[in-house]
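Take a look at the letters that make up each chain.
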Amino acid sequence: MPELDLVVRNGTVVTSSDRMACDIGIVDGKIAALSARLDRGKQEIDATGLYVLPGGVEGHCHIEQRGTHGVMTADDFYTGTVSAVFGGTTTVLPFAAQGQGESLRRVVEDYAACARPKAVIDYGFHLIIADPTTQVLEQELPSLIQEGFTSFKIYMTYDRLRLDDLQVLEVFAAARELGAFVMVHAENHDMIRWLRKRLLERGHVKPRYHAISHPRVGEGEAANRAIALSRLIDIPILIVHVSCEQAMVEIRKAQTAGLKVFAETCPQYLCLTAKDLDREAMEGAKFCCSPPLRDLASQEAIWRGIRNGTFQVFSSDHAPYRFDETGKFHAGPNPHFTQVANGLPGIELRAPLLFSEGVGKGRIDLHQFVALTSTNPAKIYGLYPRKGSLAVGGDADIALWDPHKEVTVTHDILHDACGYTPYEGMRIKGWPVTVLSRGRVAVQDGQLKIARGGGCLLKRELSTAARPLGVLEQEMDPAKNFGASVLSSRVAQRT
Ligand code: URP
Ligand code: ZN
Ligand code: ZN
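Please read these numbers as outputs of a predicted model, since none were measured by experiment. (Residues numbered from 1 in each chain as written. Chains lettered and ligands numbered in written order. Predicted model: local features only at pLDDT ≥ 70, side-chain atom pairs only at ≥ 80, totals over all residues. Heavy atoms only, no water.)

With respect to the overall build of the protein chain
Part 1: Looking only at helices and strands, the protein chain features 14 helices and 20 strands.
Part 2: Expected size for 495 residues packed as a compact globule is a radius of gyration near 23 Å; at 22 Å, the protein chain falls within 12% of this value.
Part 3: Expressed as lengths along the three principal axes of its C-alpha atoms, the size of the protein chain is roughly 70 × 60 × 40 Å.
Part 4: Buried residues in the protein chain amount to 59% of all 495 residues.
Part 5: A separation of at least 24 residues holds for 77% of the contacts in the protein chain among residues at least 6 apart in sequence. (Helix = DSSP H or I, 4+ residues; strand = E, 2+ residues; numbered from the N terminus. Rg over C-alpha atoms; globule rule 2.2 N^0.38 Å. Buried < 20%, exposed > 50% of the residue type's maximum accessible area, 1.4 Å probe, protein only. Contact = heavy atoms within 4.5 Å.)

Printed below as a string of structure tokens:
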């Protein structure tokens, strides 16, 4: 074996399935050896008393992206990735978001050009498809998927982004043919529109009405509809940022029926409630996100879903907008609830919050923690085993966690550019004290050790999770193999 560049010694190595007392040897940024006792390396890190975990994989964040209100996020690819790595995350998957009439190819090139000189850790892009023209689905998407942009998100709400059911079916069919993986923002658009109109007509403008205008029944209905549409086309989907039991039971039901429906939830749905929207003055605007914060019973339901495996992915949905005229108040100092930029920051606290509230409080074990924050998103988004594991040959993306370190959250200790944290004052036990990115010491002793632009754009594989179940012919007409013919992009002769 060549001389090791770096040895992480004396730690407790924990993956989504195993726990071992062993050293990790690193050569050229990759894991080269796992052994009870390794020879000295050129560099050494003593991990006595620490958990040695795969670096986090953040499957859902918005960085240097114009949001649904046209407002730019506070974080660019430098501050966003610095904040991520301080929270134990070593890979981020933000979005390359298409606007109406825009070329998807051009959008990806623009985001990649923004990220290249700034990102400190590795990154890929999910696509957001808001305008699924024939050109986009048949020309641009196939080549982008081949180049490693193998997943995309679609929206069932938001005026600028939403697809109607017919468009959803077209996009699902394209995903099936190309082997891409689809994430769905599931909320019922017309329920939201109707409630908003009624509330505004009656003078209800404060942030608290944001939650009331995004009802749980609408989240459940849209999840059910997305599942039904995906069932017709026979593609797996992942429902993102699930906030409530109504959506969760639809997902669970589909999973029980044997469908490949995956689900994601986020720290805000475990740690915050709609009461936070009621804070004095306009403070509530800090807590406007969609789906909105719910109540304590919803938090308990989501914890149940995390424990019983309904959720595979735990993401931050980091969408940081400053508490000023460049962000939350882009429409003026007293916006009504529909004008507040939607989204919360959380990329740095994502894993520490789950560690503290989940592992620390006995709700999940350490293996589930690793699976939810690292291994599962790596698998689902085509990065495993390069990311999300501690296997020989994989990237040496490693987070060393001190399970006893206690931290009181204030925005001062964080590294994003949002200017506030919704988790201000929370006590967290368990913290990533040293983080390695491809074998480079990225964070140590509270200091950033890696340079701007050191992150790489990742070429992702087709997700194995994206493989159809093969139920389509059954759903359609097995005798005529009608399903396969409908799905093919080739138009057959009349029958
Ligand atoms: O409010 C949120 N979640 N903003 C980010 C955009 C999205 O839908 O994920
Ligand atoms: Zn969304
Ligand atoms: Zn999002």
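Some words on the coordination of the zinc ion (ligand 2)
Part 1: The protein atoms that coordinate the zinc ion (ligand 2) are Lys153 (NZ), His185 (ND1) and His241 (NE2), at distances spanning 2.1 Å.
Part 2: Coordination of the zinc ion (ligand 2) draws on donor residues from a single chain, spaced K-x31-H-x55-H in sequence.
Part 3: A separation of 4.0 Å is found between the zinc ion (ligand 2) and the zinc ion (ligand 3). Of this pair, His185 sits in strand E13 (residues 181-185) while His241 sits in the loop between strand E14 (237-239) and helix H8 (245-256), and the two are 56 residues apart along the sequence. As far as burial versus exposure is concerned, His185 and His241 are alike and both buried. (Donors = N, O, S within 2.8 Å, 3.2 Å for Na, K, Ca; no water.)

Some words on the side chain of Ser315
Part 1: Examined against the element boundaries, Ser315 turns out to sit in the loop between strand E16 (313-314) and helix H11 (350-359).
Part 2: Residue Ser315 is classed as buried on the basis of its relative accessible area of 0%.
Part 3: Side chain to side chain, Ser315 and Glu264 meet in a polar contact 2.8 Å long.
Part 4: For Ser315, the residues in contact, after removing those within four places along its chain, are Glu58, Gly59, His60, Glu264, Thr265, Cys266, Pro267 and Arg350. (Polar contact = N/O pair within 3.5 Å; in protein donor to acceptor, adjacent residues only side chain to side chain.)

Focus: the nonpolar core
Part 1: In terms of nonpolar packing, the biggest core is built from 106 residues, with Phe152, Phe172, Ile239 and Phe369 touching the most fellow members.
Part 2: Setting aside its immediate chain neighbours within four residues, Phe152 contacts Leu127, Ile129, Leu141, Val171, Ala175, Ala180, Phe181, Val182 and Met183. (Core = buried A, V, L, I, M, F, W, Y, C linked by side-chain atoms within 4.5 Å.)

With respect to helix H10 (residues 296-307)
Part 1: Between its terminal C-alpha atoms H10 stretches 17 Å, which fits the 16 Å expected from 12 residues at 1.5 Å a residue.
Part 2: Listed as buried for H10 are Ser298, Gln299, Ala301, Ile302, Trp303, Gly305 and Ile306. (Expected span 1.5 Å × (residues − 1).)

Some words on the coordination of the zinc ion (ligand 3)
Part 1: Coordination of the zinc ion (ligand 3) by the protein is provided by His60 (NE2), His62 (NE2) and Asp317 (OD), with metal-donor distances spanning 1.9 to 2.0 Å.
Part 2: For the zinc ion (ligand 3), the donor residues sit on a single chain with the sequence spacing H-x1-H-x254-D.

A word on the sheet that holds strand E1 (residues 6-9)
Part 1: Pairing is mixed across the open sheet formed by 4 strands, whose spatial order is E5-E4-E1-E6. Of all strands in the sheet, those bounded by a partner on one side alone are strand E5 (30-35) and strand E6 (43-46). Geometrically, the sheet is characterised by an average inter-axis angle of 20° between neighbouring strands, direction not taken into account. (Pairing = 2+ DSSP bridges. Axes fitted to C-alpha atoms, helices over the stretch in contact; angles between N-to-C directions.)

Focus on unusual backbone geometry
Part 1: Going from Ser290 to Pro291, the amide bond is cis rather than trans, its omega being -5°.
Part 2: By secondary structure assignment, the location of Pro291 is in the loop between helix H9 (268-271) and H10.
Part 3: Look at the link from Tyr384 to Pro385: it is a cis peptide, with omega at 5°.
Part 4: Considering the arrangement of structural elements, one finds Pro385 in the loop between helix H12 (366-380) and strand E17 (398-408).
Part 5: Even without a glycine there, the phi angle at His241 is positive, about 30°.
Part 6: Its identity as a non-glycine residue notwithstanding, Asp317 has a phi of 50°, on the positive side.
Part 7: Locating Asp317 in the fold gives a position in the loop between E16 and H11.

Topic: the pattern of salt bridges
Part 1: Enumeration according to the criterion identifies 31 salt bridges in this entry.
Part 2: The closest approach of N and O atoms between Glu221 and Arg225, which form a salt bridge, is 2.8 Å. Taken together, the residues Glu221 and Arg225, both in helix H7 (residues 216-233) and 4 residues apart, mark about one turn of the helix.
Part 3: Using a relative accessible area of 27% as the deciding quantity, one classes Glu221 as partly exposed.
Part 4: Measuring nitrogen to oxygen at the nearest pair gives 3.2 Å for the salt bridge that ties Glu283 to Lys286.
Part 5: Among the charged side chains, a salt-bridge network with shared partners connects Lys30, Asp122, Arg386, Lys387, Asp395, Asp397 and Arg438. (Salt bridge = Lys/Arg side-chain N within 4 Å of Asp/Glu carboxyl O.)

What to know about the packing of aromatic side chains
Part 1: Counting across every chain of the model gives 13 aromatic pairs.
Part 2: With a centroid separation of 4.9 Å and an interplanar angle of 65°, the aromatic rings of Phe323 and Phe329 are classed as edge-to-face.
Part 3: On the basis of relative accessible area, Phe323 is assigned to the partly exposed category, the value being 28%.
Part 4: For Phe329, a relative accessible area of 9% corresponds to the buried category.
Part 5: Across from the ring centre of Tyr384, 4.9 Å away, lies the NZ or CZ of Lys379, which sits over that ring.
Part 6: Over the ring of Tyr78 we find Arg452; its NZ or CZ atom is 4.5 Å from the centre of that ring. (Phe/Tyr/Trp six-rings, centres within 6.5 Å; stacked < 30°, edge-to-face > 60°. Lys NZ or Arg CZ within 6 Å of the ring centre and 35° of its normal.)

Looking at the site of ligand 1
Part 1: Near ligand 1 lie 13 residues; those nearest to it are Lys153, His185, Ser290, Asp317 and Asn342.
Part 2: Here an oxygen atom of ligand 1 sits 3.0 Å away from a polar atom, N or O, in the side chain of His185.
Part 3: Alone, ligand 1 offers 270 Å² of accessible surface; in the complex the protein occludes 96% of this.
Part 4: In terms of residue class, the shell around ligand 1 is built from 4 nonpolar, 7 polar and 2 charged. (Near = heavy atom within 4 Å. Areas by Shrake-Rupley, 256 points an atom, 1.4 Å probe, with all protein chains shown as cover. Nonpolar A, V, L, I, M, F, W, Y, C, P; charged D, E, K, R; others polar.)

Section: empty space enclosed by the protein
Part 1: By the definition in use, this model includes 4 cavities of 30 Å³ or more.
Part 2: Roughly 70 Å³ of internal volume is contained in the largest cavity.
Part 3: Forming the boundary of the largest cavity are 10 residues, of which Ser230, Asp234, Ile235, Leu259 and Lys260 lie nearest the centre.
Part 4: Each residue belonging to the lining of the largest cavity can be placed in one class, and the counts come to 6 nonpolar, 1 polar and 3 charged.
Part 5: One number sums up the size of the second largest cavity: a volume of about 60 Å³.
Part 6: Around the second largest cavity, the lining residues are Leu53, Pro54, Gly55, Gly56, Gly88, Ala351, Phe369, Val370, Thr373, Ser374 and Trp401.
Part 7: Sort the elements by how many residues they give to the lining of the second largest cavity and H12 lands first, with 4 residues.
Part 8: Taken together, the residues of the lining of the second largest cavity break down into 6 nonpolar, 5 polar and no charged. (1 Å grid on protein atoms, 1.4 Å probe; cavity = no way out; pocket = protein on both sides within 12 Å on 5 of 7 lines; lining within 4 Å. Points joined across faces, edges and corners; volume = space filled by probe spheres on them.)

Things to note about the state of the cysteines
Disulfides are covalent bonds that connect the sulfur atoms of two cysteines.
Part 1: What the rule picks out here adds up to 0 disulfides.
Part 2: Here Cys266 stays unpaired: no disulfide links it, and the sulfur of Cys289, its closest cysteine neighbor, is 8.1 Å away.
Part 3: Cys266 gets classed as buried once you look at its relative accessible area, which sits at 0%. (Disulfide = S-S within 2.5 Å.)

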